[in-house]
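Chain by chain, the residues:
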Amino acid sequence: MIQVARTMLVPGPLRDTVVYLADFANTKEWDPATVSCVRLDQGPVRPGSRWRNVSRFREHTNEVLYRLDVLEGDRLVFTGENSTVLIRDDLRFTPASDESTRLIYTATFRFKGLARLAAPFLRKDVERLADDVAAALPRVMAR
């Protein structure tokens, strides 16, 4: 298992930040590794909403199906899964001011099968992904 966490200050009030990040399709804008992300269902974003995310990791393209598990006023939890990994993204929000939000973003990767053997060698790459998100997300939210 690999777990990474980043704390960032993002422009925008808490409610707007949660609404924006609750739609996982927006990862295309703020996650540099995401190639595409498409919602698989319709209607308002709610627990149970699902997305197909295609991202690039270590020169390979990977498809992960994500589901929104928790949608609260100050927390979002997404679970993503494919044949080699189970990912849990836990986003916790607190107001930093009227116009900014503190976000603690924790991602947990549980590798499956033979991929578990590679987990110790993937930590640097996962840390780099987290750094890229922490740099990009506040910039995107400032637009």
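Structural data are supplied above this passage.
Residues numbered from 1 in each chain as written. Predicted model: local features only at pLDDT ≥ 70, side-chain atom pairs only at ≥ 80, totals over all residues. Heavy atoms only, no water.

Turning next to the side chain of Thr108. Position of Thr108 relative to the elements: it lies in strand β7 (residues 100-111). With relative accessibility at 9%, the residue Thr108 sits in the buried group. Beyond its immediate chain neighbours, meaning those up to four positions away, Thr108 contacts Met1, Ile2, Gln3, Leu86, Ile87 and Arg88. (Helix = DSSP H or I, 4+ residues; strand = E, 2+ residues; numbered from the N terminus. Buried < 20%, exposed > 50% of the residue type's maximum accessible area, 1.4 Å probe, protein only. Contact = heavy atoms within 4.5 Å.)

Right, let's get into unusual backbone geometry. Working note: non-glycine residues mostly have negative phi, and peptide bonds are mostly trans. Notably, Arg58 is not glycine yet its phi reads approximately 55 degrees, a positive angle. Along the chain, the position of Arg58 falls in the loop between β3 (50-57) and β4 (60-72). Of note, Glu59 is a non-glycine position whose phi angle comes to about 70 degrees, a positive value. Tracing the sequence through the fold places Glu59 in the loop between β3 and β4. Since its relative accessible area comes to 71%, Glu59 is described here as exposed.

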